[in-house]
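# Summary of structural features
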Amino acid sequence: MIASLRGTLIHIGSDHLVIETGGVGWLVYAPRSVLGACGAVGELLFLYTHMIVREDALLLYGFSTLAQRALFESLLSVSGVGPKVGLSLLSAGSPDDIRLMVAQNDTAALARVPGIGKKTAERLVLELKGKLDLKGLPMAAGGAAAAPSALNTELAELLVSLGYNSSEASAAVAALPADAPEDLESRLRLALRYFGSV
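First, a word on scope: everything that follows refers to the structure included in this document. None of these values were measured; they are calculated from a predicted model. (Residues numbered from 1 in each chain as written. Predicted model: local features only at pLDDT ≥ 70, side-chain atom pairs only at ≥ 80, totals over all residues. Heavy atoms only, no water.)

Structurally, His16 is set in strand E2 (residues 16-21). On a C-alpha basis, the gap between His16 and Tyr29 in space is 4.1 Å, while along the polypeptide they are 13 residues apart. The contact partners of His16, leaving out residues within four places of it in the chain, are His11, Leu27, Val28, Tyr29, Ala30 and Leu35. One polar contact links His16 to Asp15, side chain to side chain, over a distance of 2.8 Å. (Helix = DSSP H or I, 4+ residues; strand = E, 2+ residues; numbered from the N terminus. Contact = heavy atoms within 4.5 Å. Polar contact = N/O pair within 3.5 Å; in protein donor to acceptor, adjacent residues only side chain to side chain.)

Here it is in structure tokens:
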């Protein structure tokens, strides 16, 4: 695993850099903030890197700070988020900006990032809440309103995958009590109970 790279900057592309070290030019994909602050061709550059091994490629992603790299790795752990979307997010704001969006359930701001739709934005908030350190950040007004909404979307999709049509799934979700537990398994049990009572 290549964890960092120090070498001479020999090319700056629209979404990548080429860094030469030991006679080898490494192509490193990077967020816009890194591309904009990397200096001029010919200068010495140091990056923290994350390497992804695929059947057909070895890909390197470069970051100026450990916090950026750690956030990128957390983003990749969210289902439906790949390296391209991860770089898009890191290009849209600093790690602190993204942590604030998650803390405040700001799915609208996340959904404005290229490559992220409403569902992915909700999934990001839901899955990153337990993975990122959000201590000291102002939370969303009115508590975790977006979490149940993201959970309800996931529950409706799960019910459809179990064979119910979308209107039946929506009706079951709408029938959930206001104090329904905030975990998918409990909500699924309540939704299935709804079908047993209709």
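With that settled, the discussion passes to the layout of surface pockets. Approximately 330 Å³ is the volume attributed to the largest pocket. Forming the boundary of the largest pocket are 16 residues, of which Asp15, Ala30, Lys84, Leu87 and Ser88 lie nearest the centre. Breaking the lining of the largest pocket down by element, the ones donating at least two residues are helix H1 (32-37) and helix H3 (83-92). Considering each element in turn, the lining of the largest pocket owes the most residues, six residues, to H3. Its residues placed into classes, the lining of the largest pocket shows nine nonpolar, four polar and three charged. (1 Å grid on protein atoms, 1.4 Å probe; cavity = no way out; pocket = protein on both sides within 12 Å on 5 of 7 lines; lining within 4 Å. Points joined across faces, edges and corners; volume = space filled by probe spheres on them. Nonpolar A, V, L, I, M, F, W, Y, C, P; charged D, E, K, R; others polar.)

With that out of the way, let us pick up empty space enclosed by the protein. Applying the stated rule across the entire model yields one cavity of 30 Å³ or more. Within the residue set of the lining of the largest cavity, elements represented by two or more residues are helix H6 (118-128) and helix H7 (146-161). Its residues assigned to classes, the lining of the largest cavity shows two nonpolar, one polar and five charged.

This paragraph deals with the pattern of salt bridges. Evaluated as defined, the whole model comprises four salt bridges. Residues Glu122 and Lys118 are paired through a salt bridge, measuring 3.4 Å at the closest nitrogen-oxygen approach. Placement of the pair is Glu122 and Lys118 together in helix H6, with a separation of four residues, close to one helical turn. With a relative accessible area of 6%, Glu122 lands in the buried category. Taking relative accessible area as the criterion, Lys118 reaches 61% and is therefore assigned exposed. (Salt bridge = Lys/Arg side-chain N within 4 Å of Asp/Glu carboxyl O. Buried < 20%, exposed > 50% of the residue type's maximum accessible area, 1.4 Å probe, protein only.)

What follows deals with the packing of aromatic side chains. By the definition in use, this model includes four aromatic pairs. Relative to Phe72, the ring of Tyr61 has its centre 5.3 Å away and its plane inclined at 35°; by these criteria the two rings are tilted. In this pair, Tyr61 sits in strand E5 (residues 58-63) while Phe72 sits in helix H2 (residues 66-76), placing the two residues 11 residues apart along the sequence. For Tyr61, a relative accessible area of 6% translates into the label buried. An aromatic cluster is defined as three or more aromatic residues linked by ring pairs; in this entry it consists of Tyr29, Tyr61, Phe63 and Phe72. (Phe/Tyr/Trp six-rings, centres within 6.5 Å; stacked < 30°, edge-to-face > 60°.)

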